[in-house]
Amino acid sequence: EELKIFAPATVANLSCGFDVLGCCLDSVGDEMLIKKNDLNEVRITKITGQDLPLETNLNVAGVAVKALLKKLDSNQGFDIEISKRIKPGSGIGSSAASSAGAVFAVNKLLEEPYKVKELIPFAMQGELLASGNAHADNVAPALLGGFSLVRSYCPLEVLSLPVPPDLRVVVLHPMIEIKTKDSRSIIKQNVSLKSAINQWGNLGALVSALYTEDYELLGRSLQDEIVEPVRSILIPYFQELDKLVAENGALGFGISGSGPSVYALCKGDENAQKVKNAIEVFYSDKNIDFDLHLSSIN
Ligand code: HSE
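Residues numbered from 1 in each chain as written. Predicted model: local features only at pLDDT ≥ 70, side-chain atom pairs only at ≥ 80, totals over all residues.

The name an unreviewed UniProt entry gives the protein is Homoserine kinase, with Christiangramia forsetii as the organism. Of the protein, the UniProt comment under Catalytic activity (unreviewed entry) reads exactly: "L-homoserine + ATP = O-phospho-L-homoserine + ADP + H(+)". Under the Sequence similarities (unreviewed entry) heading, UniProt states for the protein: "Belongs to the GHMP kinase family. Homoserine kinase subfamily." (UniProt positions renumbered as here; feature names shortened; annotations may be inferred.)

Enquirer: Looking at this structure, how should I read the sheet that holds strand β10 (residues 290-296)?
Expert: Adjacent strands of a sheet form backbone hydrogen bonds with each other and so pair up, either parallel or antiparallel. Spatial strand order, β8-β9-β7-β10: four strands in an open sheet with antiparallel pairing. Every interior strand has two partners, whereas the edge strands, β8 (252-255) and β10, have only one. Strand-to-strand twist of the sheet, defined as the mean angle between neighbouring strand axes without regard to direction, takes the value 20°. Strand direction decides the pairing type here: strand β7 (residues 167-174) and β10, joined by seven bridges, are antiparallel. Residue pairing for β10: L172 is matched across the bridge by L292. Its contacts with the sheet place helix α9 (residues 238-247) against β8 and β9 (262-267), and it is angled at close to 160° to β8. Sheet strands touched by helix α10 (residues 268-284): β7, β9 and β10. Its angle to β7, the strand with the most contacts, is close to 15°. (Pairing = 2+ DSSP bridges. Helix = DSSP H or I, 4+ residues; strand = E, 2+ residues; numbered from the N terminus. Axes fitted to C-alpha atoms, helices over the stretch in contact; angles between N-to-C directions. Contact = placed C-beta atoms within 7 Å.)

The structure is reproduced here in structure tokens:
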């Protein structure tokens, strides 16, 4: 018994929703092949595309699956093969794709003892290994699709939000690696009341905009005065890109997850293509390798 799955990339935070908001990209992701084995062991048998640990306890997919099997008190063994297309340290949920994909497939092969939403805590164990923090804003949308909002971590409560149909995402990945662990360590631990007011105003407006399909409001709400000012310093040409995508009609712009990837939300394919082209031209003479993706949210 085996299952081949697509494990999607995700954009976490979306500026105003640090650690609580994320969305799922439908055209960027890894492939995984999961098979039952008779060895009572979870094995990472093959990883192509990236140099990542094969040792089960050091691999996010291995750790997430073991957490699930432990809860079920099952000693069923699994072999996991991962074909990585998402680069680790890129800021589009590489570890989350592997953790979420693995628990999703294993749950299917076990004939679904859990609902998909109930898999989030197991996938979060992979995030804990990867970044030192069990955040859910990548694994939740990777499992559930669309937009996910973490209303509460303790107890865990995750909501799915609607996706306005014309929404597109352009993601630029400048090829410098920023480890989530490192980019979390530089964030200030205290927030002023003034900043908190602005942030929750924007997050509430963003949720409203998704429900009402108000693209302009969505764009205005993509602001972050708490984390972005600190993290953006690590991202080459962040301010210039912000200005460039605005000039080309993007709705909004910010850091994808913990960076270095940045995202622009756009209305419609035509505008997204225009924004993507403008970024491509701008970055081409900067002596930094990069990847560019245009995706829907699904
Ligand atoms: N919310 C997390 C962070 C996402 O920004 O650190 C990491 O991808």
